[in-house]
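Inside the fold
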Amino acid sequence: RFSLQEPELGRSTTNDLNHIPGAYYLDLNQDLAGPVQTHGGRHPLPNPQPLAAKLSAMGITSETLVIGYDDSRFAFAARLWWLLRYLGHPKVAVLNGGFSGYQAAGYPLTAETPPAKQGHFVARVQPQMVIDIHTVQSRASEVALVDSRDRDRYLGLREPIDRVAGHIPGAVNYPWQSVTDEQGRLKSPAELHQHWAELKASEVWVYCGSGVTACVNLLALEAAGIESGKLYAGSWSDWCSYPLNQTLEAQVV
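The structure contained in this document is the topic of the report that follows. (Residues numbered from 1 in each chain as written. Predicted model: local features only at pLDDT ≥ 70, side-chain atom pairs only at ≥ 80, totals over all residues. Heavy atoms only, no water.)

What follows is about the sheet that holds strand 7 (residues 229–232). Either a parallel or an antiparallel arrangement is found when strands of a sheet pair, and the pairing is made through backbone hydrogen bonds. If you trace the five strands from one edge of the open sheet to the other, you get 3-7-6-4-5, paired in parallel fashion. Across the chains shown, the open sheet's two edge strands, defined by having one partner strand only, are strand 3 (130–131) and strand 5 (172–173). Bridge count between strand 4 (residues 144–147) and strand 5: two bridges; the pairing is parallel. Note on strand 5: the bridge partner recorded for Asp147 is Asn173. Across the sheet, helix 8 (residues 214–223) lies against strand 4, strand 6 (204–207) and strand 7, angled at about 150 degrees from strand 6, the strand it touches most. (Pairing = 2+ DSSP bridges. Helix = DSSP H or I, 4+ residues; strand = E, 2+ residues; numbered from the N terminus. Contact = heavy atoms within 4.5 Å. Axes fitted to C-alpha atoms, helices over the stretch in contact; angles between N-to-C directions.)

The structure is reproduced here in structure tokens:
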């Protein structure tokens, strides 16, 4: 669990209150993202080796099924789901309905932190799953480029985080929360297939503000049987960090 507005909230909630027995905590900023630089976005992809070491200390091996959960309609669990697949670990799932669904069903909770274990996670990076700004600039017209942010941010009417409002030219808008219901459960494969029906391109490239909630759309694409999704990891926060792109957006929004 995590809160973009209160970064320490997820860790304190997990450690000091209740979590699912046996669950380890991964922090978006410290574990699932790398250091922020001038370019690359607000949540760059993490260095594979430190994350692999942390996953190993959770007892994870190549045979381990990893289940991620959050309390934000997959906003952060999907980032873990995507990262593990990016690191060559396909045995990963997300908990449908998240922590709220688990709690509402009356299952047990604990405040105990599980001990470190001896695992062996080997990172095998899958570079074909990710694209950078140069690829977006050169090939965006050939694919379906999906902006996963709220509609008003896409339209440039509101921008609470990044320095420039708007969207990448040519992008279509599919807000990430629209793939789940009000209980935070992923919509059915049939519903998701219909949701993505107008995307006719052979490849789908997805971005959001910083490459986190875009992973929810990638999860939903996969659930709908569309396996051509790729992540623009730097996303809008990377795109608008370049002065030329700021100028272009001022013209199209």
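From this point, the narrative continues.
Here helix 3 (residues 77–86) crosses helix 8 at 70 degrees, and the two axes come no closer than 8 Å. In this view, helix 3 runs roughly perpendicular relative to helix 8, as classed from their interaxial angle. Note that helix 3 runs across helix 8; the crossing there is left-handed. Residues Ala78, Arg79, Trp81, Trp82 and Arg85 of helix 3 form the contact with helix 8, whose participating residues are Cys215, Val216, Leu218, Leu219 and Glu222. For the contact of helix 3 with helix 8, the class distribution of residues is seven nonpolar, no polar and three charged. (Parallel < 35°, antiparallel > 145°, perpendicular 65-115°, else oblique. Left-handed = near helix turned anticlockwise from the far one by under 90°. Nonpolar A, V, L, I, M, F, W, Y, C, P; charged D, E, K, R; others polar.)

Tallied over the entire structure, the rule returns six aromatic pairs. Measuring from centroid to centroid gives 5.5 Å for Phe2 and Phe76, while their planes differ by 70 degrees, and the two rings are edge-to-face. Separated by 74 residues along the polypeptide, Phe2 in the segment before helix 1 (9–16) and Phe76 in the loop between strand 1 (66–68) and helix 3 bring together distant segments of the chain. Like Phe76, Phe2 is buried. Positioned above the aromatic ring of Phe99, the side-chain terminus of Arg1 is 4.0 Å from the ring centre. (Phe/Tyr/Trp six-rings, centres within 6.5 Å; stacked < 30°, edge-to-face > 60°. Buried < 20%, exposed > 50% of the residue type's maximum accessible area, 1.4 Å probe, protein only. Lys NZ or Arg CZ within 6 Å of the ring centre and 35° of its normal.)

Before going further, it helps to spend a moment on the pattern of salt bridges. Across all of its chains, the model carries twelve salt bridges by this definition. Its salt-bridge partner being Asp31, residue Lys54 comes within 3.2 Å of it at the nearest N-O pair. Within this pair, whereas Lys54 is found in helix 2 (residues 48–56), its partner Asp31 is found in the loop between helix 1 and helix 2, the two being separated by 23 residues in sequence. The buried category is assigned to Asp31, whose relative accessible area is 10%. In this structure, Glu142 and Arg139 form a salt bridge, with 2.9 Å as the shortest nitrogen-oxygen distance. (Salt bridge = Lys/Arg side-chain N within 4 Å of Asp/Glu carboxyl O.)

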